[in-house]
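Spelled out from the first residue to the last, the chains are:
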Amino acid sequence: MHYDHNPRFPDNFLWGASSAAWQVEGGVLDGGRTLSTIDLNSRTKAPFADNSIAVDHYHRFREDVRLMAECGMKSYRFSISWSRIIPASDGVVNEEGVAFYNDLIDELVANGITPIVTLYHYDMPVWVDEELGGWRTRAIVDKFAEYSRVCLERFGDRVKYWLSINEQNMQIVYGHWLGTSKGCDDWFRDQWRINHIMNLCHATAVNLCHELVDGGKIGPVPGLVPIYPFSSDPMDQIAAMNAEEFTEKIWNDTYVYGEYSDFVKSYWERNDIDPGIEPGDEDLMKSAKIDFFAVNCYRSNTAKWAPVDATPQEYELNSHGDESTKLKFPVVPGAYQLVYNPFVEYTAWDWEIDPVSMRYCLRYMWDHYRLPMVITENGMGVHESLGADGKIHDDYRIEFLRNTAYQIGLAIEDGCEVFGYNLWSFTDFLSTGNGIAKRYGLVYVDVTDEQLRAAKDASELALTRIPKDSYYWYSNLIRSKGQDWGNDFARPSAGELVETAHV
Ligand code: BGP
């Protein structure tokens with residue numbers, strides 16, 4: 001579709017930014033918190049810093065919220081650290097942890113910023129893993145319910161948008177990278193049991209939210225990477241559909257329909273996989289009606305047919321953002337292989353720079369599920385350091401974000417219901433695997449992985465916040481309600497810019 005006007009965003013559109021507790025907070029043992037498995041995982045990622053200090057949002061959240069308010073932000077999506085709320089298996093609620101999130105939420109609300117809260121963003125308490133077996137046993141379902149209940153009861157008077165589990169699909173697809181496969185000896189089969197237990201936790205949280213939070217709405221947060229077929233060869237189309245099923249559609253279908261699709265059931269049968277479904281499970285899953293989808297979408301993938309006799313290859317991420325760790329695309333014989341897309345450019349981490357994928361993703365999700373959507377992650381991770389003038393002139397990020405925001409606007413014009421854009425991220429903080437070397441922020445945090453590793457605690461570091469050019473650009477876009485795209489706005493890749501784009 002071509003439109004002869006700039007896209008229009010709803011008046012109450014939630015322009016914001018996003019984070020996760022374990023990546024931004026630091027203070028991993030402060031205020032009664034105990035360690036989570038991802039804290040331990042992050043300690044194995046040298047030369048990158050672990051998350052002990054992160055960017056010290058735990059102590060500096062008031063400064064961060066002030067900067068958000070000055071930017072004009074309308075929402076902030078963050079996660080709660082389970083081990084800050086319930087630090088041990090005795091189940092006793094840590095009032096200091098509750099107080100921290102109460103203060104953060106109050107500060108946001110006082111500044112007119114809507115909180116959007118994730119219950120689980122990769123940070124499993126060590127006690128849940130060691131004493132209960134983590135996601136590996138059904139014992140976690142009750143514990144997750146107890147934890148969710150505390151969050152919903154204590155914060156639900158002010159928090160109306162809740163997110164259950166961040167990127168459940170990615171936690172299964174990248175089980176080794178994200179640590180979900182810990183303790184499993186047959187990941188090929190075990191992943192489906194773990195996934196089922198996650199579905200039960202998700203469903204329980206959905207029902208609890210509806211029961212406990214007056215006006216509360218809740219949704220899952222799939223990590224979506226739209227899949228394009230490499231060519232018009234019919235087998236490339238089937239390969240794209242296969243890749244889509246195995247990386248995201250299986251999860252989205254289950255959230256919406258509360259039952260597993262025929263596609264995945266047939267796959268389990270052929271591969272002798274028992275996902276551990278017990279009587280009553282599908283009733284629980286069916287009863288949990290989600291209100292919206294939270295969408296994490298950064299990029300696209302391209303799929304090609306992989307013959308049955310192709311050599312299998314596991315996904316290997318480019319984890320350093322340089323030539324030393326070139327990415328290896330997965331090859332799944334008889335299903336699909338992912339390949340480079342000649343039509344898009346790539347970041348130093350080999351992520352596709354493809355703003356149009358956001359419009360595709362929103363259209364796809366709307367056509368399949370007809371549920372409102374809020375974007376909870378999207379952004380560009382790059383190596384950055386302060387210039388001679390002490391600033392960051394990140395025109396590359398501005399170009400990426402505005403082309404993406406424009407595509408969101410086009411998707412809204414196309415008829416999709418989208419109520420917010422929470423980009424990743426507000427300040428720089430630790431990337432999932434790359435410390436602070438991979439920066440996404442609108443606000444630079446003046447620290448390196450080396451300094452973070454050398455410091456004993458946050459008080460030794462200045463961790464100065466310096467707004468980048470993208471911060472001011474975003475502020476203008478928000479204040480103009482999505483009309484001021486900047487004077488040097490270039491034609492977006494979908495080619496649908498019209499004269500009035502220059503405000
Ligand atoms: C998403 C995760 C985030 C975040 C982001 C960027 O999948 O939900 O936690 O890390 O990806 O990824 P990375 O930090 O690896 O660049």
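Note: the structure precedes this text.
Residues numbered from 1 in each chain as written. Predicted model: local features only at pLDDT ≥ 70, side-chain atom pairs only at ≥ 80, totals over all residues. Heavy atoms only, no water.

Novice: Requested: an account of the packing of helix α10 (residues 187–212) against helix α11 (residues 234–257), with residues and values cited.
Specialist: Contact pair α10 / α11: the axes reach a minimum separation of 11 Å and the direction vectors enclose 35°. Here the hand of the crossing between α10 and α11 comes out right-handed. Mapping the contact onto sequence places W192, N195, N199 and H202 in α10 and I250, W251, T254 and Y255 in α11. Broken down by class, the residue content of the contact of α10 with α11 amounts to 4 nonpolar, 4 polar and no charged. (Axes fitted to C-alpha atoms, helices over the stretch in contact; angles between N-to-C directions. Helix = DSSP H or I, 4+ residues; strand = E, 2+ residues; numbered from the N terminus. Left-handed = near helix turned anticlockwise from the far one by under 90°. Contact = heavy atoms within 4.5 Å. Nonpolar A, V, L, I, M, F, W, Y, C, P; charged D, E, K, R; others polar.)

Novice: If you had to explain the sheet that holds strand β6 (residues 227–229) to someone new, which residues and values would you point to?
Specialist: Read from one edge to the other, the open sheet built from 4 strands follows the order β6-β8-β10-β9, with strand pairing classed as mixed. A strand with exactly one partner marks an edge of an open sheet, and here the two such strands are β6 and β9 (331–332). Both β6 and strand β8 (residues 301–304) contribute to a ladder of 3 bridges, which runs parallel. Bridge pairing in β8 places Y228 opposite T302. Sheet strands in contact with α11 are β6, β8 and β10 (336–339), and its direction is about 165° off that of β6. (Pairing = 2+ DSSP bridges.)

Novice: So, the sheet that holds strand β5 (residues 217–221): which residues are in play, and what are the values?
Specialist: Taken together, 8 strands build an open sheet; the order of strands is β5-β4-β3-β2-β1-β14-β13-β7 and the sheet is parallel. Among the strands making up the open sheet, the edge pair consists of β5 and β7 (293–296). Across the sheet, the mean angle from the axis of one strand to that of its neighbour is 25°, orientation sign disregarded. Where strand β1 (residues 14–18) lies against strand β2 (residues 75–79), 3 bridges are found, and the strand directions are parallel. Within the sheet, the bridge partner assigned to G16 lies in β2 and is S75. Packing against the sheet, α10 makes contact with β3 (114–120), β4 (161–166) and β5, and its axis sits at approximately 160° to β5.

Novice: So what about the side chain of D394? Which residues, and what values?
Specialist: Along the chain, D394 falls in the loop between β13 (373–377) and α15 (395–413). A distance of 2.8 Å separates a polar atom in the side chain of D394 from a polar atom in the side chain of R397. (Polar contact = N/O pair within 3.5 Å; in protein donor to acceptor, adjacent residues only side chain to side chain.)

Novice: Describe helix α17 (residues 469–479), with residues and values.
Specialist: Residues of α17 that are buried: S470, Y471, W473, Y474, S475, L477 and I478. Looking at the packing, one finds that the buried side of α17 touches β1, α3 (57–71), α15, β14 (418–423), β15 (443–445) and β16 (465–467). (Buried < 20%, exposed > 50% of the residue type's maximum accessible area, 1.4 Å probe, protein only.)

Novice: Any details on the packing of aromatic side chains? Residues and values, ideally.
Specialist: The geometry of two aromatic rings is summed up by the distance between their centres and the angle between their planes. Taken as a whole, this structure holds 46 aromatic pairs when the rule is applied. Arranged with centres 6.3 Å apart and planes meeting at 80°, the rings of W15 and Y474 form a pair that is edge-to-face. Here the residue W15 occupies a position in strand β1, and Y474 occupies one in helix α17, the gap between them amounting to 459 residues. Overall, the relative accessible area of 3% leaves W15 in the buried class. Joined through ring pairs, the aromatic side chains of F9, F13, W15, Y406, Y421, W473, Y474 and W485 make up one cluster. The ring centre of W351 lies 4.5 Å from the NZ or CZ of R299, which sits over that ring. (Phe/Tyr/Trp six-rings, centres within 6.5 Å; stacked < 30°, edge-to-face > 60°. Lys NZ or Arg CZ within 6 Å of the ring centre and 35° of its normal.)

Novice: I'd like a rundown of the environment of I218, residues and numbers included.
Specialist: Of note, I218 is situated in strand β5. Residues I218 and V308 lie 90 residues apart in sequence; the distance between their C-alpha atoms is 41 Å. Contact partners of I218, with chain neighbours within four places excluded, come to W162, L163, S164, A205, V206, C209, H210, I290, D291 and F292.

Novice: Explain the site of the ligand residue by residue, including any values.
Specialist: As a structural note, the neighbourhood of the ligand is formed by 14 residues, with Q23, E167, T432, K438 and Y440 the closest of them. With respect to the ligand, the side chain of Q23 contributes an N or O atom lying 2.8 Å from an oxygen atom. Here an oxygen atom of the ligand and a side-chain polar atom of E167 are 2.6 Å apart. Considered class by class, the residues forming the shell around the ligand number 5 nonpolar, 6 polar and 3 charged. (Near = heavy atom within 4 Å.)

Novice: Hey, could you go over the nonpolar core for me, with residue numbers and the actual values?
Specialist: In terms of nonpolar packing, the biggest core is built from 148 residues, with W135, F155, W162, I408, Y421 and Y474 touching the most fellow members. No other element matches α10, which puts 12 residues into this core. Counting residues in hydrophobic clusters, the runner-up holds 8 residues, among them I116, F292, V374 and F419. (Core = buried A, V, L, I, M, F, W, Y, C linked by side-chain atoms within 4.5 Å.)

Novice: Which residues make up the pairing of β3, and what values do they have?
Specialist: A large share of β3 lies buried, amounting to 6 of its 7 residues. For β2 and β3, the ladder comprises 5 bridges, and the chain directions are parallel. Its bridge partner lying in β3, S75 is registered against T114. Direction of pairing for β3 relative to β4: parallel, over a ladder of 4 bridges. Residue pairing for β4: V117 is matched across the bridge by W162.

Read these as layout, nothing more, since geometry by itself doesn't imply function.
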